[in-house]
Amino acid sequence: MDALVTRDASLPAAYSDALDTLALAPLWTALHTLLPNERTTPAVPHVWRWRDVRPRVLEAARLVPMEQAERRVLVLRNPGLGGAYAITSSLFAGLQVILPGEAAPSHHHTPAALRLIVEGHGAYTTVEGVKCAMEPGDLIITPPMRWHDHGHEGSEPVVWLDGLDIPLVRHFDAAWASKMRPAQPPATATDPSQDELTASGLVPRQSRYPRTGFPQVRWPWTTVRAALERLAATTPAGQAVTLRYVDPTTGAAPMPTMGAEAHWLRPGERTPAARRTSSEIFHVIEGRGRSRVGDSALDWEKGDTFVAPPWHWIAHEAHEAPAALFSFTDEPALRALGLYQEEAASS
Ligand code: GTQ
Ligand code: FE2
């Protein structure tokens with residue numbers, strides 16, 4: 001992104017100096033940088049390959065004790081964002097690893113968080129006392145200001161993808177987290193997705209879980225995958241097979257700032273191209289394929305994570321087997337601010 005020009009070289013230097021002294025600047029030198037004629041982003045399309053990243057994540061687990069890290073996370077930094085802890089200008093993504101027997105302490109914070117389990121069995125996240133099992137492909141949310149900690153009762157490292165709106169919240173100077181406190185044993189053995197919210201279109205008259213305003217905090221991959229497969233079986237070729245994760249009591253996005261979707265690509269299928277003003281981070285749950293993001297062609301396979309910056313044309317293509325992609329976005333935040341727009345390519 002172009003730097004702002006704050007001095008008008010055609011004016012007397014004394015005038016520009018006087019403006020500086022008064023904490024003033026001309027708008028006319030900067031107007032078209034502040035309000036460009038084309039949408040622009042410094043973020044670039046990029047893939048983090050699981051093959052390359054996995055050994056470094058596991059190495060972090062050997063090198064860094066949980067007591068030191070509190071959250072043992074390698075952050076996915078967009079190469080276009082100058083080293084910021086950001087995958088796009090608004091979103092944060094990281095890969096977190098926890099070892100058997102470890103406990104990541106409890107805290108809460110203003111940013112919203114979601115987790116998509118990448119590998120391993122037996123870990124769980126406790127969200128406001130509710131125990132959420134973490135199995136590969138599961139989505140778990142920890143909405144703003146909900147206490148959460150992570151534990152592990154299994155026998156191998158567990159890795160998941162964290163998605164947070166930290167850059168967005170920081171932009172408002174609204175980032176805050178409580179002090180850590182030791183993880184407590186969860187108050188439940190299950191979460192509502194296992195007993196109360198097991199079928200779409202049905203919600204319990206009365207929930208036995210704490211009333212937090214976020215009735216569903218976990219979406220098991222087994223449920224999502226079965227729904228995708230069924231939808232794919234009846235969706236005409238050429239139409240995208242995508243399910244949105246929603247609050248089943250309202251149909252709204254699961255959190256105020258971030259949305260999530262699951263995409264099914266049939267063998268050889270190419271999705272219609274679209275561009276949106278939201279940022280989107282994709283994670284490959286199954287299969288292999290290639291996505292066009294703007295001018296980039298990104299090849300991917302299971303475990304890879306890739307980013308589509310705002311207003312980039314996005315189209316996916318699966319190889320010979322079906323593929324499943326998870327994605328999260330800042331779409332609800334953009335919609336709330338009146339900034340959301342999308343376009344489909346005319347074919
Ligand atoms: O697991 O609570 O990647 O608070 C960044 C901030 C994970 C977490 C992150 C967090 C967490
Ligand atoms: Fe957190």
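Scroll up for the structure.
### Describing the overall build of the protein
What the protein contains, in helices and strands, is eight helices and 21 strands. For the protein, whose C-alpha radius of gyration is 22 Å, the value lies close to the compact-globule estimate of 20 Å for 347 residues. Taking the principal axes of the C-alpha coordinates as reference, the protein spans close to 70 × 50 × 45 Å. The buried share of the protein, taken over its 347 residues, is 47%. By sequence separation, contacts in the protein at least 24 residues apart represent 72% of the contacts at least 6 residues apart. As displayed, the protein has an accessible area near 17300 Å², and 54% of this comes from carbon and sulfur atoms. One way to put it: in the protein the 32 positive side-chain charges average out to a point 3 Å from where the 39 negative ones average out.

### Here we look at the coordination of the iron ion (ligand 2)
Around the iron ion (ligand 2), the protein supplies His107 (NE2), His109 (NE2) and His148 (NE2) as donor atoms, at distances of 2.1 Å. On the primary sequence, the residues serving as donors to the iron ion (ligand 2) are separated as H-x1-H-x38-H. On the accessibility criterion, His107 (9% relative accessible area) is buried. The exposure class assigned to His109 is buried, which follows from its relative accessible area of 8%.

### Looking at the site of ligand 1
Contacts to ligand 1 come from Arg71, Val73, Phe92, Gln96, His107, His109, Arg115, His148, His150, Asp162 and Leu164. Within the side chain of His107, an N or O atom sits 2.9 Å from an oxygen atom of ligand 1. At 3.0 Å, a side-chain N or O of His109 approaches an oxygen atom of ligand 1. With the chains in place, 90% of the 290 Å² that ligand 1 exposes on its own is no longer accessible. Looking at the shell around ligand 1, the elements with two or more residues in it are strand S3 (92-98), strand S9 (148-152) and strand S10 (158-164). Per-class residue counts for the shell around ligand 1 are three nonpolar, five polar and three charged.

Scoring rules and cut-offs
Residues numbered from 1 in each chain as written. Chains lettered and ligands numbered in written order. Predicted model: local features only at pLDDT ≥ 70, side-chain atom pairs only at ≥ 80, totals over all residues. Heavy atoms only, no water. Helix = DSSP H or I, 4+ residues; strand = E, 2+ residues; numbered from the N terminus. Rg over C-alpha atoms; globule rule 2.2 N^0.38 Å. Buried < 20%, exposed > 50% of the residue type's maximum accessible area, 1.4 Å probe, protein only. Contact = heavy atoms within 4.5 Å. Areas by Shrake-Rupley, 256 points an atom, 1.4 Å probe, with all protein chains shown as cover. Lys, Arg positive; Asp, Glu negative; His and termini not counted. Charge placed at Lys NZ, Arg CZ, Asp CG, Glu CD. Donors = N, O, S within 2.8 Å, 3.2 Å for Na, K, Ca; no water. Near = heavy atom within 4 Å. Polar contact = N/O pair within 3.5 Å; in protein donor to acceptor, adjacent residues only side chain to side chain. Nonpolar A, V, L, I, M, F, W, Y, C, P; charged D, E, K, R; others polar.

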